Amino acid sequence: MIGNLPNVNALRARHTGWDKPTPQNLKDIGTIEFFWRNLFEAIFYPNQDN
């Protein structure tokens, strides 16, 4: 069981190396989500008016 535990140093490096999204990253994510939502609505609800 002990041999299957993850490397603590690797976990610490992954946790401390995580970058928080910038405002520009959040805008880009929001834009992508907006276009995907519109695409899915057009596919699954083609007759619904927006």
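All values reported here derive from a predicted model rather than from experimental measurement.

1. A few points about the overall build of the protein chain
Here's step 1: Across its full length, the protein chain holds two helices and zero strands.
Here's step 2: Counting only residues that meet the buried cut, the protein chain has 0% of its 50 residues in that class.
Here's step 3: By element, 61% of the accessible surface of the protein chain is carried by carbon and sulfur atoms, the whole surface being about 5,200 Å².

2. Some thoughts on the packing of aromatic side chains
Here's step 1: Following the criterion strictly, the structure yields three aromatic pairs and no others.
Here's step 2: A centroid spacing of 5.6 Å and a plane angle of 25° characterise the contact between W36 and F40, whose relative ring orientation is stacked. Of this pair, W36 and F40 both sit in helix α2 (residues 23-44), separated by four residues, roughly a single helical turn.
Here's step 3: The exposure class assigned to W36 is partly exposed, which follows from its relative accessible area of 46%.
Here's step 4: Judged by its relative accessible area of 41%, F40 is partly exposed.

3. Description of helix α1 (residues 8-16)
Here's step 1: Across the nine residues that make up α1, only a small minority, zero, are buried.
Here's step 2: Between the side-chain oxygen of the N-cap and the backbone nitrogen of N9 there are 2.9 Å, and the N-cap of α1 in question is N7.

4. Observations regarding the environment of Q24
Here's step 1: Inspection of the secondary structure puts Q24 in helix α2.
Here's step 2: Assessed through its relative accessible area of 47%, Q24 is described here as partly exposed.
Here's step 3: Within the structure, Q24 has its side chain in polar contact with the side chain of D28 (distance 2.9 Å).

About the criteria used
- Residues numbered from 1 in each chain as written.
- Predicted model: local features only at pLDDT ≥ 70, side-chain atom pairs only at ≥ 80, totals over all residues.
- Heavy atoms only, no water.
- Helix = DSSP H or I, 4+ residues; strand = E, 2+ residues; numbered from the N terminus.
- Buried < 20%, exposed > 50% of the residue type's maximum accessible area, 1.4 Å probe, protein only.
- Areas by Shrake-Rupley, 256 points an atom, 1.4 Å probe, with all protein chains shown as cover.
- Phe/Tyr/Trp six-rings, centres within 6.5 Å; stacked < 30°, edge-to-face > 60°.
- Polar contact = N/O pair within 3.5 Å; in protein donor to acceptor, adjacent residues only side chain to side chain.

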